[in-house]
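Okay, here's what each chain looks like letter by letter:
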Amino acid sequence: MTTAVVKIHELVDAMDDITVVVGEEHLDREITISDLSRPALELTGYFSFYPQNRIQLLGKTELSFTERMTSDERYIIMKRMCQADTPAFLVSRNQEPPQELIKAAEEKGIPVLLSKRSTTRLSSNVTNFLEERLAERISQHGVLVDIYGMGVLIIGDSGIGKSETALELIQRGHRLVADDRVELYMMDERRIIGEPPEILRHLIEIRGIGVIDVVNLFGVGSIRSKKTVDLVINLEHWDKNRQYDRLGHNLDNMRFFNVDIPKLSIPVKVGRNLSIIIEIATMNIRAKEMGYDATKTFETNLNNLIQQNTMDNQQNN
């Protein structure tokens, strides 16, 4: 599991509405937390619980309050807000940053950024970006494919045919997200997002052929940059001595972080078309989520047949 950091220049590059007012030479400062701080009590001089390691977001309310201060008072407050681990100051609505803020920030080597966005919208956009980039990540061996809008993570022993199955699924019109290694992170309390490592993006390895570029062979419609993981398919070697579920009751879960993802195990045997089986399994899981369960229908039909046969036997006797 890895924990990332984001540098200020990465935020500026990702947000086309953010520009640098001062501090171009200090854009390598690191952001380690996704939460933003909107100074309130700090502007009155109360710094006992100042979240100094967050980006400090100044909107219309904050700047209008500072206008009531004298220049010396503003400078004292801004200087106290400029701590060694403060990543940057961010001003919304294209408002002119106070000169006292610019002076204090330049002295401490802290960038001052400006955006045309409203404060609420800007806070939401920056927080979403940072939450995604700063989320803890784990690397999972497997293949992630978008099948009918569901993110299907195919796992199993090395050499069992995960990449070959994914290639056939791509030929059938589905989209590759990642092959061989999938980077997973938790977007929120219910969603796990998977994406490829940069070095493997759009690439897939087929034994006997080598590495192929999916975009060049199948077009841009054959790939996705990231996808929510909705289902895990575990490919396992067929064991003739094992009893396999034939009604679809044995749906397990696989936990990533604190989120349980449905997991289905499929035995691999010569002659089985895995791509079609995985495709149908995905459609069946999706149908169950929509309330259509073929297993329940079969059990209902079976119970009705048993009751009918019992009544017929009673009448005949």
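Procedures and definitions
Residues numbered from 1 in each chain as written. Predicted model: local features only at pLDDT ≥ 70, side-chain atom pairs only at ≥ 80, totals over all residues. Heavy atoms only, no water. Helix = DSSP H or I, 4+ residues; strand = E, 2+ residues; numbered from the N terminus. Rg over C-alpha atoms; globule rule 2.2 N^0.38 Å. Areas by Shrake-Rupley, 256 points an atom, 1.4 Å probe, with all protein chains shown as cover. Lys, Arg positive; Asp, Glu negative; His and termini not counted. Charge placed at Lys NZ, Arg CZ, Asp CG, Glu CD. Contact = heavy atoms within 4.5 Å. Patch = residues over 30% accessible without salt bridge, like charges linked within 9 Å, V, L, I, M, F, W, Y side chains within 5 Å. Salt bridge = Lys/Arg side-chain N within 4 Å of Asp/Glu carboxyl O. Buried < 20%, exposed > 50% of the residue type's maximum accessible area, 1.4 Å probe, protein only. UniProt positions renumbered as here; feature names shortened; annotations may be inferred. Pairing = 2+ DSSP bridges. Arc of directions from axis to C-beta.

Asks: Mind laying out the overall build of the protein chain, listing which residues take part and the relevant values?
Replies: Per the secondary structure count, the protein chain includes nine helices and 18 strands. What you see for the protein chain is a C-alpha radius of gyration of 28 Å, clearly larger than the 20 Å of a compact globule of 317 residues, by over 25%. Dimensions along the principal axes, computed over C-alpha positions, put the protein chain at roughly 105 × 55 × 30 Å. Approximately 17600 Å² of the protein chain is accessible, and the part contributed by carbon and sulfur atoms is 47%. A distance of 3 Å separates the average location of the 38 positive side-chain charges in the protein chain from that of its 46 negative side-chain charges.

Asks: Can you tell me about the environment of Val-20, naming the residues and giving the values?
Replies: Positionally, Val-20 belongs in strand S2 (residues 18–22). When the C-alpha positions of Val-20 and Val-112 are compared, they lie 6.2 Å apart, and in sequence the two are 92 residues distant. Setting aside anything within four residues of it in sequence, one finds Val-20 in contact with Val-12, Leu-27, Val-112 and Leu-113.

Asks: With reference to specific residues and values, describe a negative patch on the surface.
Replies: On the surface, Glu-24, Glu-25, Glu-106 and Glu-107 cluster together to form a negatively charged patch. Inspection of the secondary structure puts Glu-25 in the loop between S2 and strand S3 (30–31).

Asks: Describe the pattern of salt bridges, naming the residues involved and giving the relevant values.
Replies: One pass over the full model with this rule turns up 13 salt bridges. Residues Glu-198 and Arg-201 are paired through a salt bridge, measuring 3.3 Å at the closest nitrogen-oxygen approach. A relative accessible area of 24% places Arg-201 in the partly exposed class. Between Asp-230 and Lys-227 there is a salt bridge; the shortest N-O distance is 3.8 Å.

Asks: Please provide a residue-by-residue account of the UniProt feature "domain: HPr(Ser) kinase/phosphorylase N-terminal" (unreviewed entry) in the protein chain, values included.
Replies: UniProt records the feature "domain: HPr(Ser) kinase/phosphorylase N-terminal" (unreviewed entry) for residues 6–130 in the present numbering. End C-alpha atoms of residues 6–130 are separated by 8 Å, and the span's content is 38% helix alongside 18% strand.

Asks: Describe the side chain of Ser-92, naming the residues involved and giving the relevant values.
Replies: Note on placement: Ser-92 falls in the loop between strand S6 (89–91) and helix H4 (99–108). A residue is classified by how much of its surface remains accessible, and Ser-92, at 0% relative accessible area, is buried. Setting aside its immediate chain neighbours within four residues, Ser-92 contacts Leu-58, Gly-59, Lys-60, Ser-115, Arg-117, Ser-118, Thr-119 and Leu-122.

Asks: Give a detailed account of the pairing of strand S5 (residues 55–58), specifying residues and quantitative values.
Replies: The alternating pattern of S5 places Ile-55 and Leu-57 on one face and Gln-56 and Leu-58 on the opposite face, and all of these are buried. Here strand S4 (residues 36–37) pairs with S5 via two bridges, running parallel. Its bridge partner being in S5, Ser-37 is matched across the sheet by Gln-56. Note that S5 and S6 share three bridges and pair parallel. Counted as the bridge partner of Gln-56 is Phe-89 from S6.

Asks: Explain a nonpolar patch on the surface to me, using residue names and the numbers behind them.
Replies: A surface patch of nonpolar side chains, amounting to about 350 Å² of accessible area, comprises Tyr-148, Ile-276, Ile-280 and Met-283. Examined against the element boundaries, Met-283 turns out to sit in helix H8 (residues 274–289). For Met-283, a relative accessible area of 39% gives the class partly exposed.

Asks: Tell me what's going on with the pairing of strand S14 (residues 203–206), and back it up with residues and numbers.
Replies: By the alternation rule, side chains of S14 split into Ile-204 and Ile-206, which are all buried, and Leu-203 and Glu-205, of which none is buried. Relative to strand S15 (residues 210–213), S14 runs antiparallel, the two sharing four bridges. Looking at S15, one finds that Ile-206 is bridged to Gly-210. Turn length for the S14-S15 hairpin, with the two strands adjacent in sequence and antiparallel, is three residues, and the turn residue Gly-208 shows positive phi of about 95 degrees.

Asks: For helix H3 (residues 71–81), give the residues involved together with the corresponding values.
Replies: Taken together, the buried positions of H3 are Arg-74, Tyr-75, Ile-77, Met-78 and Met-81. Looking down the long axis of H3, one finds its buried residues gathered within 170 degrees of arc, a one-sided arrangement. Away from its buried face by more than 90 degrees, H3 exposes Asp-72 and Ile-76. If you follow the buried residues of H3, they end up packed against S5, helix H2 (60–66), S6 and H4.

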